[in-house]
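Here are the chains, one letter per residue:
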Amino acid sequence: MISGTEQTSVLITNARVLDVHTGEYLEGASVLVADGVIVELGGSEVRALAGSTVIDAEGRTVLPGFTDAHVHVTACTADLAAQAEWSPTYVAARAGHILRDMLHRGFTTVRDMGGADYGLADAVDDGFFTGPRLLFGGKALSQTGGHADMRHRGRIVADEHPHCPAVGVVCDGVDHVRKTAREQLRTGAHHIKLMLSGGVASPTDRVDSTQLSLDEIRAAVEEAEAANRYVAGHAYTARAINRALRCGVRSIEHGNLLDETSIELFKQHKAFYVPTLVTYRTLADEGPRYGLPADSHRKVSDVLEHGLRALELAHRGGVQIAFGTDLLGGMHPHQAEEFAIRAEVQPAIDVIRSATCVAARLVGLEGRIGEITPGAYADILMVEGDPLDDITVLARPDKHLKLVMKAGHVMTRSTLGVVRGS
């Protein structure tokens, strides 16, 4: 069980600190934290401030808090169409538990890709919910019949009330897309999410379809850029990915069916790729148990087998790859298993970078999250074992994660037993 206590100053000593940029450890290191920020990194010369809490790491590995760049913190069930009819207050209450558990797995920042709003982000910031830093995009934008249109094909009316706990909103035509993007940005959204191809969870589209016209995509990109934000795009096939990248979409989500032509466009446009491999394995194994409709479950196989191949192609091609999971309902506990899946084709340090410094670049927080360096937020993890030698250390936080710190707030496991006052 993890418990949280707020600290003004913390000194971590005798740590093995991972520099995610170089891939090397700083042995016998000390990290001084004050007012939520890392103020000093060094050796035994680093001294505690008056009243500091001192944590002896006893040689354990210390690394930056993780960022999951593709989550749905309001996805309490895999039946997203059914959830759209639930009470928003009930969904918020369940989202609070999802957020808490993400933080306890070591994810100190998450980027929500459809469903979360400013209310949830404020609840975390103000301490009413325990959870990661929540970068929300509001509702994803979908065309009629697109990936966020969850209506049964016999249903005509769509309820677009903004407080319905749906992952997206349907909009058609350049003007409608532009206005809907502005509405999400008006609430403080960190990004705009577009549904640019079919998907697994939606009832009436094909995975290999393309969605939204080029002019509609460009309109959303224009609005995001005008607000100094960016567009993320749900897309599976190379055709859907490539048209999005040419229109200025900054990150491609999933992308299981990309090809060599996509790799060149990623690099040309300095875009990011966010695979979400763990969700397909868990949807295949557990989806129906947690509410995934039968029609959606049948679509999982269309993308499952291609995910690792796409990741390997992107890694070999030098694409910027960020960490994402996209889990739904009762499958959220599998979040950290993404580390082990990616390690099947990537070196451990690159998988770690995807969840730290690369994700920080994607979300515009480079130098603030994803690294242990003076001036960064004090988002710090302590693990038992060497994740560079065995990345499954990170895939089993219940066994190996000994401490979580988010912005200087210490979350310790009772097994650690190394916290003392100065």
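Scroll up a little and you will see the structure.
Once a new chain begins, its residue numbering starts again from 1 and follows that chain's sequence as written. This being a predicted model, a pLDDT of at least 70 is required before a residue's local features are given, and a value of 80 or more before pairs of side-chain atoms are given or counted; all residues contribute to the totals for chains, interfaces and linings. With hydrogens and water set aside, each side-chain value is computed from the structure's full complement of heavy atoms.

Colleague: Even after reading the chapter, I still don't get the environment of I252, so can you show me in this structure?
Modeller: Each helix is a run of H or I in the DSSP string that is no shorter than four residues. Each strand is a run of E no shorter than two, and both are numbered from the N terminus. Along the chain, I252 falls in strand β14 (residues 251-257). Separated by ten residues in sequence, I252 and N242 place their C-alpha atoms 9.7 Å apart. Two residues qualify as a contact provided that any one of their heavy atoms is within 4.5 Å of a heavy atom in the partner residue. Those residues within four positions of I252 in sequence are excluded, and the remaining contacts are G233, A235, I241, A244, L245, F266, F272, Y273 and V274.

Colleague: I would appreciate a short explanation of the side chain of H70 in the present structure.
Modeller: Relative to the elements of secondary structure, H70 occurs in strand β7 (residues 66-71). Only protein chains enter the accessibility calculation, which uses a 1.4 Å probe; a residue is then buried when its area is under 20% of its type maximum, exposed when over 50%, and partly exposed in between. Residue classification places H70 among the buried positions, given a relative accessible area of 0%. Side chain to side chain, H70 and E253 meet in a polar contact 2.8 Å long. The residues touching H70, leaving out its near neighbours within four places in the chain, are R111, M113, K193, E253, H254, V274, T276, F323, G324, T325 and D326. For the purposes of these results, a polar contact is taken to be a pair of N or O atoms within 3.5 Å, where, inside protein, one atom must be able to donate a hydrogen and its partner to accept one; residues adjacent in sequence count only when each atom of the pair is a side-chain atom.

Colleague: Explanation requested: helix α8 (residues 277-286) in the structure shown.
Modeller: Here α8 lies mainly inside the structure; seven of its ten residues are buried. Looking only at α8, the buried set comprises L277, V278, T279, Y280, T282, L283 and E286.

Colleague: Can you help me understand the sheet that holds strand β8 (residues 107-112) in this one?
Modeller: Hydrogen bonds between backbone groups are what pair the strands of a sheet, and the pairing can be parallel or antiparallel. We treat two strands as partners when DSSP finds at least two bridges between them. If you trace the three strands from one edge of the open sheet to the other, you get β7-β8-β9, paired in parallel fashion. Single-partner strands in this sheet number two, and they are β7 and β9 (133-135). Here the average twist between neighbouring strands, direction ignored, is 20°. The pairing of β8 with β9 spans three bridges and is classified as parallel. Bridge pairing in β9 places R111 opposite L135. Fitting a line to C-alpha atoms yields each axis, with helices limited to the stretch in contact; the angle taken between N-to-C directions then spans 0 to 180 degrees.

Colleague: Mind showing me how you'd approach the pattern of salt bridges here?
Modeller: A pair can form between side chains of opposite charge whenever their charged atoms are brought close. What makes a salt bridge here is a side-chain nitrogen of Lys or Arg within 4 Å of a carboxyl oxygen of Asp or Glu, nothing more. One pass over the full model with this rule turns up 18 salt bridges. One salt bridge in this structure joins D386 and R16, with 3.5 Å as the shortest N-O distance. Remark: R16 occurs in strand β2 (residues 9-19) and D386 occurs in the loop between β17 (380-383) and α14 (392-395); sequence separation between them is 370 residues. With its nearest N and O atoms 3.0 Å apart, the salt bridge here joins R186 to E183. Of this pair, R186 and E183 both sit in helix α4 (residues 174-186), three residues apart, roughly one helical turn. In this structure R186 comes out as exposed when scored by relative accessible area, which is 64%. The exposure class of E183 is partly exposed, given its relative accessible area of 32%.

Colleague: How do you make sense of the pairing of strand β6 (residues 61-64) when you look at a structure like this?
Modeller: Where a strand is regular, its side chains alternate between the two sheet faces. Bridging between β2 and β6 involves two bridges; their strand directions are parallel. The partner of R16 across the bridge, within β6, is T61. Relative to β17, β6 is paired through four bridges, and the arrangement is antiparallel. Across the sheet, the residue bridging to T61 is V383, located in β17.

Colleague: Explain the environment of V73 here, please?
Modeller: Mapped onto the fold, V73 is located in the loop between β7 and α1 (80-83). In this structure V73 comes out as buried when scored by relative accessible area, which is 0%. Residues V73 and G329, spaced 256 residues apart in sequence, show a C-alpha to C-alpha distance of 9.2 Å. When sequence neighbours within four positions are dropped, the list of residues in contact with V73 reads A95, I98, L99, M102, V110, D112, A116, L120 and L134.

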